[in-house]
Amino acid sequence: MENKSFAIEGMTCASCAQTVEKAAKKVRGVTQASVNLATEKLSIEYDESTFSVENLQKAVDNLGYEMVTQE
Ligand code: 9UX
């Protein structure tokens, strides 16, 4: 498993954070996801053989939030 974190723009409440977290967990290859609302970051653990960042990007976009940077 690998770990990555992303900055997410547009989350303004705890419910937003929950929504992003839930959606991220459903993305193929993602095994763990957690959102820190205070820092506006999404941290994930993923299986590198099936995970594609484009899928995560789409999932976040579809919710109306923006995944802006990648570390
Ligand atoms: Mo409530 Mo967070 O509509 O966008 S879920 S502020």
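Draft legend 1. Expanded view of the overall build of the protein. Assigned secondary structure in the protein consists of 2 helices and 4 strands. Since a compact globule built from 71 residues should have a radius of gyration of about 11 Å, the 11 Å found for the protein is in line with a globular shape. Taken over the C-alpha atoms alone, the protein extends approximately 35 × 20 × 20 Å along its principal axes. The buried share of the protein, reckoned over its 71 residues, is 35%. Nonlocal contacts in the protein, meaning residues at least 24 apart in sequence, comprise 58% of its contacts between residues at least 6 apart.

Draft legend 2. Up close: the confidence of the model for the protein. Mean pLDDT over the protein stands at 95; residues scoring 70 or higher make up 96%. Reported confidences for the modelled complex are a pTM of 0.92 and an ipTM of 0.84.

Draft legend 3. Examining the site of the ligand more closely. The local shell around the ligand consists of Thr12, Cys13, Ser15, Cys16 and Tyr65. Within the shell around the ligand, the residues separate by chemical class into 3 nonpolar, 2 polar and no charged.

Draft legend 4. Representation of the environment of Lys25 in the model. Checked against the element boundaries, Lys25 lands in helix 1 (residues 14–26). For Lys25 and Glu2, which are 23 residues apart along the polypeptide, the C-alpha to C-alpha distance reads 14 Å. Beyond its immediate chain neighbours, meaning those up to four positions away, Lys25 contacts Val30 and Ala33.

Criteria and cut-off values
Residues numbered from 1 in each chain as written. Predicted model: local features only at pLDDT ≥ 70, side-chain atom pairs only at ≥ 80, totals over all residues. Heavy atoms only, no water. Helix = DSSP H or I, 4+ residues; strand = E, 2+ residues; numbered from the N terminus. Rg over C-alpha atoms; globule rule 2.2 N^0.38 Å. Buried < 20%, exposed > 50% of the residue type's maximum accessible area, 1.4 Å probe, protein only. Contact = heavy atoms within 4.5 Å. pLDDT = per-residue confidence, 0-100. Near = heavy atom within 4 Å. Nonpolar A, V, L, I, M, F, W, Y, C, P; charged D, E, K, R; others polar.

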